[in-house]
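# Examining the three-dimensional arrangement
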Amino acid sequence: MRIDENNFIKELKRGNTEALEFIVDNYSNLVFKVVGGVLNTGFHFQYIEECSNDIFWSVWNNINSFDEEKGEFKHWIAAVAKYKAIDYKRKLFKQSIIESIDDCSLNDEMNLESIVVSKENKEELLNAINDMSNEDKEIFIRRYFLCEKVESIAETFGVDRNWVDQRLSRGRKALKKKLILLSGEVL
């Protein structure tokens, strides 16, 4: 049987692997574009590829949840890709916090970078970051550890850029104060 736009969903639901090949051939560009948009340039191509493979696997295993009467397949697979990529980004985000601390560079007028980069302060830095609210912690790590653009963070949180800039500024000041107190320097 030849798989095409008219029968691939029915064949996927039957477990026909040729239908899976059809969606990979016809929807890979869309999936890669969505995943690439979510993971952006902060992640290597291998992660985008791995996440995309997980998406096709998820589509294969969950095709029965797709309802043709509610919308088009391309919109459904794009939504699956978006949410899978967000989950994947969170997973990579958690894994990279410790790995990225060596490469961290924070910029502030009063030389916060020298405090952060010093190896003996890694634990204090992580503790100080963990003391932030979950929202501030996520914003701070996305910006300084994952090197996300402020505009991207603002879009993720559904706020304007100024709000993110203010949260980052407050976070830097709080971290600086906390780390200076830990190092015993006088303010």
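Bear in mind that the values here come from a model prediction, so they are computed numbers and not experimental data. (Residues numbered from 1 in each chain as written. Predicted model: local features only at pLDDT ≥ 70, side-chain atom pairs only at ≥ 80, totals over all residues. Heavy atoms only, no water.)

On to the overall build of the protein, then. Helix and strand counts for the protein stand at nine helices and zero strands. Taken over 187 residues, the protein has a buried fraction of 41%. For the protein, the proportion of contacts with a sequence separation of at least 24, taken over those separated by at least 6, is 57%. For the protein, the accessible surface area stands at approximately 11600 Å², while carbon and sulfur atoms represent 47% of it. (Helix = DSSP H or I, 4+ residues; strand = E, 2+ residues; numbered from the N terminus. Buried < 20%, exposed > 50% of the residue type's maximum accessible area, 1.4 Å probe, protein only. Contact = heavy atoms within 4.5 Å. Areas by Shrake-Rupley, 256 points an atom, 1.4 Å probe, with all protein chains shown as cover.)

All of the buried residues along helix α8 (residues 150-157) are V150, I153 and A154. On an axial view of α8, the arc spanned by its buried residues comes to 100°, and they lie on one face. Just beyond α8, the residue with positive phi is G158, at close to 70°. (Arc of directions from axis to C-beta.)

Before going further, it helps to examine the packing of aromatic side chains. For any two aromatic rings, the description comes down to two numbers: the centre-to-centre distance and the angle of the planes. For the structure on display, the rule yields eight aromatic pairs. Here F8 and F73 contribute two aromatic rings whose centre-to-centre distance is 5.0 Å and whose plane-to-plane angle is 85°, an arrangement assigned as edge-to-face. Note that F8 is positioned in helix α1 (residues 8-14) and F73 in helix α4 (residues 73-100), a separation of 65 residues in sequence. Taken individually, F8 and F73 each receive the classification buried, so the pair is uniform in this respect. Plain terms: the ring middles of F66 and F73 are 5.6 Å apart, the flat faces sit at 85° to each other, and that makes the pair edge-to-face. On the basis of relative accessibility, which here comes to 4%, the residue F66 falls in the buried class. By relative accessible area, F73 is classed as buried at 5%. (Phe/Tyr/Trp six-rings, centres within 6.5 Å; stacked < 30°, edge-to-face > 60°.)

All told, the structure shown has six salt bridges when counted by the stated rule. With a shortest N-O distance of 2.6 Å, D136 and R167 are connected by a salt bridge. With D136 in helix α7 (residues 134-144) and R167 in helix α9 (residues 161-183), the pair connects residues that are 31 residues apart, well separated along the chain. Taking the shortest distance from any N to any O, the salt bridge between R161 and E151 comes out at 2.2 Å. Note that R161 is positioned in helix α9 and E151 in helix α8, a separation of 10 residues in sequence. (Salt bridge = Lys/Arg side-chain N within 4 Å of Asp/Glu carboxyl O.)

This brings us to the environment of R2. As for its placement among the helices and strands, R2 is situated in the segment before α1. Distance from R2 to A19, taken between C-alpha atoms, is 9.2 Å for residues 17 residues apart in sequence.

Quick look at the confidence of the model for the protein now. Note that predicted coordinates carrying low pLDDT should not be read in detail. Mean pLDDT over the protein stands at 78; residues scoring 70 or higher make up 78%. Averaged pLDDT values for the elements of the protein fall to 49 in helix α5 (residues 112-117) and rise to 90 in α1. The low-confidence segment residues 98-102 (pLDDT under 50) makes eight contacts with residues lying over four places distant or belonging to another chain. Considering only residues more than four positions removed or in separate chains, one finds that residues 104-110, a stretch of pLDDT under 50, has 14 contacts. (pLDDT = per-residue confidence, 0-100.)

Contact geometry of α7 with α8 gives a least axis separation of 10 Å together with a crossing angle of 150°. Considering their axes alone, α7 and α8 lie roughly antiparallel with respect to each other. Judged by the twist between their axes, the crossing of α7 over α8 is right-handed. In contact with E135, E138, I139, R142 and R143 of α7, α8 contributes V150, I153, T156 and F157. The residue makeup of the contact of α7 with α8, split by class, is four nonpolar, one polar and four charged. (Axes fitted to C-alpha atoms, helices over the stretch in contact; angles between N-to-C directions. Parallel < 35°, antiparallel > 145°, perpendicular 65-115°, else oblique. Left-handed = near helix turned anticlockwise from the far one by under 90°. Nonpolar A, V, L, I, M, F, W, Y, C, P; charged D, E, K, R; others polar.)

As a packed pair, helix α2 (residues 17-39) and helix α3 (residues 45-62) sit with axes 9 Å apart at the nearest point and diverge in direction by 135°. With respect to α3, the element α2 is oriented oblique. Judged by the twist between their axes, the crossing of α2 over α3 is right-handed. Contacts between α2 and α3 involve T17, L20, I23, V24, Y27, S28, V31, F32, V35, G36 and L39 from the first element and F45, Y47, I48, E49, C51, S52, I55, F56, V59 and W60 from the second.

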